[in-house]
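As a plain string of letters, each chain reads:
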Amino acid sequence: MAGRGAAAPPLLSAAAAGSLAVCAAQLGLAWALGRRLGGRCAPADRWVLGWLCYDLLVHCTLEGPFVYLSLIGTVAESDNVFASLWKEYGRADARWLYSDPTIVSLEILTVVLDGLLALILIYAIIKDKYYRHFIQITLCVCELYGGWMTFCPDWLIGSPNLNTSNWLYLWVYLVFFNGIWVVLPGLLLWQSWLGLKQMHHEKSNTRKKIR
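Parameters at a glance
- Residues numbered from 1 in each chain as written.
- Predicted model: local features only at pLDDT ≥ 70, side-chain atom pairs only at ≥ 80, totals over all residues.
- Heavy atoms only, no water.
- Salt bridge = Lys/Arg side-chain N within 4 Å of Asp/Glu carboxyl O.
- Buried < 20%, exposed > 50% of the residue type's maximum accessible area, 1.4 Å probe, protein only.
- Helix = DSSP H or I, 4+ residues; strand = E, 2+ residues; numbered from the N terminus.
- Phe/Tyr/Trp six-rings, centres within 6.5 Å; stacked < 30°, edge-to-face > 60°.
- Core = buried A, V, L, I, M, F, W, Y, C linked by side-chain atoms within 4.5 Å.
- Contact = heavy atoms within 4.5 Å.
- Lys, Arg positive; Asp, Glu negative; His and termini not counted.
- Polar contact = N/O pair within 3.5 Å; in protein donor to acceptor, adjacent residues only side chain to side chain.
- Axes fitted to C-alpha atoms, helices over the stretch in contact; angles between N-to-C directions.
- Parallel < 35°, antiparallel > 145°, perpendicular 65-115°, else oblique.
- Left-handed = near helix turned anticlockwise from the far one by under 90°.
- Nonpolar A, V, L, I, M, F, W, Y, C, P; charged D, E, K, R; others polar.
- Expected span 1.5 Å × (residues − 1).

S.K.: Would you mind showing me how to read the pattern of salt bridges here?
M.R.: If charged atoms from side chains of opposite charge come close, those side chains can pair. Summed over all chains, the structure comprises three salt bridges. The salt bridge involving E88 is made with R91; its shortest N-O contact spans 3.2 Å. By relative accessible area, which is 2% here, E88 ends up buried. Among the residues examined, R91 registers a relative accessible area of 47% and is labelled partly exposed.

And the structure:
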């Protein structure tokens with residue numbers, strides 16, 4: 001039994017604190033990029049650009065290295081800064097440590113397709129292109145599908161790979177960091193719905209005036 005003078009375990013390990021610091025740095029950089037790129041855009045679109053920049057950064061700088069490490073071996077066997085970040089997340093979901101085929105397949109699609117769509121959407125918003133909402137809807141559906149397919153297969157077999165015994169792993173790693181890729185795509189789908197509805201009404205009103 002530990003004595004009264006024994007130090008209490010830290011609320012966050014050094015690895016967890018480092019991983020969260022990287023995420024915070026990416027978020028800050030994305031926000032700055034979104035503000036700079038969206039200087040002439042509507043306030044709502046500046047927020048969207050900030051999210052898209054964060055989305056693109058995550059796909060390219062975190063998920064891209066994960067795909068590479070998983071194709072040449074496994075995260076568990078690797079020893080570099082990217083592997084250390086994914087080893088920390090692997091404490092919550094072990095599939096990311098051992099190149100689970102479903103996870104790697106989804107991440108290849110996410111990095112290549114979602115990353116490209118996010119880049120195109122950033123350009124479409126800045127330049128006010130006619131295809132903006134088509135790309136936005138496509139990207140959001142891809143993100144939601146990826147989230148569903150990440151967790152549903154494991155849920156169906158009783159979630160043997162998910163560690164929910166620790167508040168950090170459950171509420172931060174699993175719920176928060178995956179939940180934002182559900183909530184924000186959902187909000188963007190709603191924005192596209194309203195945008196398309198407004199364009200339809202404007203077109204209908206123009207036709208009525210012509211008649």
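Moving on from the coordinates now.
S.K.: Where do I start with unusual backbone geometry in this structure?
M.R.: Despite not being glycine, S99 has its phi angle at roughly 55°, a positive value. Examined against the element boundaries, S99 turns out to sit in the loop between α3 (81-90) and α4 (101-126).

S.K.: Just checking my understanding: could you explain the packing of aromatic side chains for this structure?
M.R.: In this description, a pair of aromatic rings is defined by centroid distance and the angle of the planes. Applying the stated criterion across every chain yields a total of 15 aromatic pairs. Pairing W31 with W47 gives two aromatic rings, centres 4.8 Å apart and planes at 50°, and the pair type is tilted. Of the two residues, W31 sits in helix α1 (residues 14-37) while W47 sits in helix α2 (residues 43-72), which places them 16 residues apart along the sequence. Classification of W47 as exposed rests on a relative accessible area of 59%.

S.K.: Would you take a moment to explain the nonpolar core for this structure?
M.R.: One broad rule of soluble globular proteins: the nonpolar side chains tend to lie buried together. Membership of the largest hydrophobic core comes to 46 residues, with the highest contact counts inside it found for L52, Y54, F66 and Y173. Listing elements by their share of this core, those giving two or more residues are α1, α2, α3, α4, α5 (132-156) and α6 (167-210). The leading source of residues in this core is α2, at 13 residues. Ignoring sequence-local partners within four residues, the contact set of L52 consists of A118, L121, I122, I125 and L139.

S.K.: Is there a simple way to think about the side chain of R46 in this case?
M.R.: On the secondary structure map, R46 appears in helix α2. Comment: no salt bridge for buried R46; closest opposite-charge side chain is D45, at 8.9 Å. Within the local environment of R46, its side chain forms a polar contact with the backbone oxygen of C41, the two atoms lying 2.8 Å apart. The contacts of R46, once residues within four sequence positions are left out, are G34, R35, G38, G39 and C41.

S.K.: Just to check I follow, could you spell out the packing of α2 against α4 for this structure?
M.R.: In contact at an axis separation of 8 Å, α2 and α4 are set at 150° when each is read in the N-to-C sense. As the angle between them shows, α2 and α4 are arranged roughly antiparallel. α4 is crossed by α2, and the crossing has left-handed handedness. Split into classes, the residues belonging to the contact of α2 with α4 amount to 18 nonpolar, five polar and five charged.

S.K.: I tried to follow α5 on my own but got confused; where do I start?
M.R.: Spacing of three or four residues puts side chains on the same side of an α-helix, whose turn is 3.6 residues. The terminal C-alpha atoms of α5 lie 36 Å apart, and with 25 residues this matches the ideal 36 Å at 1.5 Å per residue to within 8%. Listed as buried for α5 are R132, H133, I135, Q136, L139, C140, E143, G146, T150, F151, C152 and D154. Where α5 terminates, the next one or two residues include G158, which has phi positive at roughly 90°.

Function cannot be inferred from these measures alone, as they are strictly geometric.
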